[in-house]
Amino acid sequence: MLTTYNKLSDETNFFGNTTPVELIKEYGSPLYVYNENVMRERCRELKNLITYPNFSVNYSVKANGNLTLLQIAREEGLNADAMSPGEIFVELKAGFKPEQILYISNNVSKEEMQFAIDKDILVSVDSVSQLESYGQINEGGRVCIRFNSGVGAGHHEKVITGGKKTKFGVDPNFIPEVKEIISKYKLNLVGINQHIGSLFMEGDKYVEGVKSVLDIAEKFDNLEFVDLGGGFGIPYQKLAGQKRLDLQDLGKKLDKVFFDFADKYGKQITFKVEPGRYIAAECGNLLGTVYSIKNNYGMKYVGTDLGFNVLKRPVMYDSHHDIEIFRESNVPSTKSETVNIVGNICESGDIIAKQRELPEIFEGDIINVLDAGAYGYCMASNYNNRLRPAEVLITSEGNTKLIRRRDTFEDLVRNFE
């Protein structure tokens with residue numbers, strides 16, 4: 001087999017003892033492929049981020065909720081956060097204990113809060129009105145509150161979750177109302193949290209957000225923890241030389257902030273972070289097959305089965321994913337071309353890679369979309385009644401394991417029966 005454009009996969013031995021061509025033959029196309037070694041390495045990098053003793057890495061399951069990946073995160077000593085009862089259910093199935101889960105709710109019903117309460121899982125509320133609702137159903141209970149410190153960051157306006165133009169968190173101006181409700185229902189405020197946004201590549205903005213939320217934390221006595229949120233970015237443009245987030249520098253800055261706060265507060269509370277993307281993104285690639293190539297008015301289109309029902313990020317956020325090409329034949333690519341790699345969905349926005357310069361691509365080639373492990377499968381759908389792909393794991397030994405089966409046509413009508 002001639003691999004025409006696979007530098008990054010070779011460097012990490014991403015596909016272990018197999019190849020993309022062999023994987024597609026066995027499991028079908030498209031296909032999500034995860035590498036266990038890469039995921040474990042990312043878990044360990046964040047576990048060792050700082051020297052401050054009371055530190056918890058909570059994996060954000062919304063990034064990727066595959067049961068096998070959750071079990072790997074748990075084995076690596078991570079805890080978990082949840083955004084829905086469904087995520088709570090899956091986390092418990094993966095072996096997380098209730099005390100390892102933080103339910104970070106957003107505009108939810110009392111019934112959803114009660115679901116978490118009944119399972120002894122701590123709830124974080126997102127507004128003054130939600131705190132009131134929580135007090136009504138769990139008087140005297142433990143609670144966490146999400147604040148919006150006014151600092152936001154992220155790779156796209158849709159994922160900036162802090163600052164003055166987002167729906168998330170309690171405005172610090174309402175702290176007096178918060179304290180009134182806590183007193184009214186005899187609640188025990190054990191933690192506060194925030195999340196400024198997703199995919200920062202420079203640590204200073206994150207540190208700024210940390211300092212802002214700690215200013216809020218000082219206004220409450222006897223906190224057990226402060227959850228600082230996530231947003232740790234990964235370099236999606238590795239082929240262009242994009243540098244990684246400097247975790248060593250970020251860790252040193254956070255260490256100083258944490259120890260200084262502990263001295264001022266009078267105890268070493270626990271600090272939590274919620275990395276989802278950083279843990280899952282680089283451990284997952286998406287494979288698809290080229291089925292057509294054509295020129296329309298001077299633009300070359302490479303048609304694949306990678307519609308946005310399979311990977312939504314490019315159409316939703318204009319996101320970049322590096323592309324590799326695998327080929328079974330020995331026919332070489334003799335030139336580079338600027339192409340649009342498109343999917344099979346009946347919408348003009350169904351583009352995986354726009355105006356991308358790549359080696360010449362032929363029908364039958366395998367397209368490898370890198371860094372698709374976060375917000376990939378979890379955002380996939382059956383739009384156009386397309387079937388969601390299978391997921392496989394390349395184990396630490398380099399072997400292949402099916403960790404989620406491909407949809408069947410019967411799955412499309414199962415809930416109607």
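Everything numeric in this text was worked out from a predicted model, so none of it was measured.

Undergrad: Lay out the overall build of the protein chain with the relevant residues and their values.
TA: Within the protein chain one finds 13 helices and 18 strands. Rg of the C-alpha trace for the protein chain: 23 Å, near the compact-globule value of 22 Å for 417 residues, within the 12% margin. Here the protein chain holds 417 residues, and the buried ones make up 57% of them. Taking all contacts inside the protein chain whose residues are at least 6 apart in sequence as the whole, residues at least 24 apart take part in 70%. Approximately 18200 Å² of the protein chain is accessible, and the part contributed by carbon and sulfur atoms is 46%. The averaged location of the 58 negative side-chain charges in the protein chain is 1 Å from the averaged location of its 49 positive side-chain charges.

Undergrad: Could you give me a rundown of helix α8 (residues 175-184), with the residues and numbers involved?
TA: Residues spaced three or four apart along an α-helix face the same direction, because each turn holds 3.6 residues. All of the buried residues along α8 are I175, V178, I181 and I182. Down the axis of α8, the sector holding all buried residues measures 120°, keeping them to one side. Exposed residues lying more than 90 degrees from the buried face of α8 are E180 and S183. Buried residues along α8 sit in contact with α7 (128-137), β7 (142-146), β8 (188-193) and α9 (203-217). Where α8 ends, the next residue or the one after it, K186, has phi of about 55°, a positive value.

Undergrad: Explain the packing of helix α3 (residues 36-47) against helix α4 (residues 67-75) to me, using residue names and the numbers behind them.
TA: Each pair of packed helices gets described by two things: the angle between the helix axes and the distance between those axes. Closest axis-to-axis distance for the α3/α4 pair is 10 Å, and the angle between their directions is 40°. Taken together, the axes of α3 and α4 lie oblique to each other. Here α3 runs over α4; the crossing is right-handed. Only L69, I72, A73 and E75 of α4 make contact with α3, whose side of the interface consists of E36, M39, R40 and C43. Here the contact of α3 with α4 is built from residues that sort into five nonpolar, no polar and three charged.

Cut-offs applied
- Residues numbered from 1 in each chain as written.
- Predicted model: local features only at pLDDT ≥ 70, side-chain atom pairs only at ≥ 80, totals over all residues.
- Heavy atoms only, no water.
- Helix = DSSP H or I, 4+ residues; strand = E, 2+ residues; numbered from the N terminus.
- Rg over C-alpha atoms; globule rule 2.2 N^0.38 Å.
- Buried < 20%, exposed > 50% of the residue type's maximum accessible area, 1.4 Å probe, protein only.
- Contact = heavy atoms within 4.5 Å.
- Areas by Shrake-Rupley, 256 points an atom, 1.4 Å probe, with all protein chains shown as cover.
- Lys, Arg positive; Asp, Glu negative; His and termini not counted.
- Charge placed at Lys NZ, Arg CZ, Asp CG, Glu CD.
- Arc of directions from axis to C-beta.
- Axes fitted to C-alpha atoms, helices over the stretch in contact; angles between N-to-C directions.
- Parallel < 35°, antiparallel > 145°, perpendicular 65-115°, else oblique.
- Left-handed = near helix turned anticlockwise from the far one by under 90°.
- Nonpolar A, V, L, I, M, F, W, Y, C, P; charged D, E, K, R; others polar.

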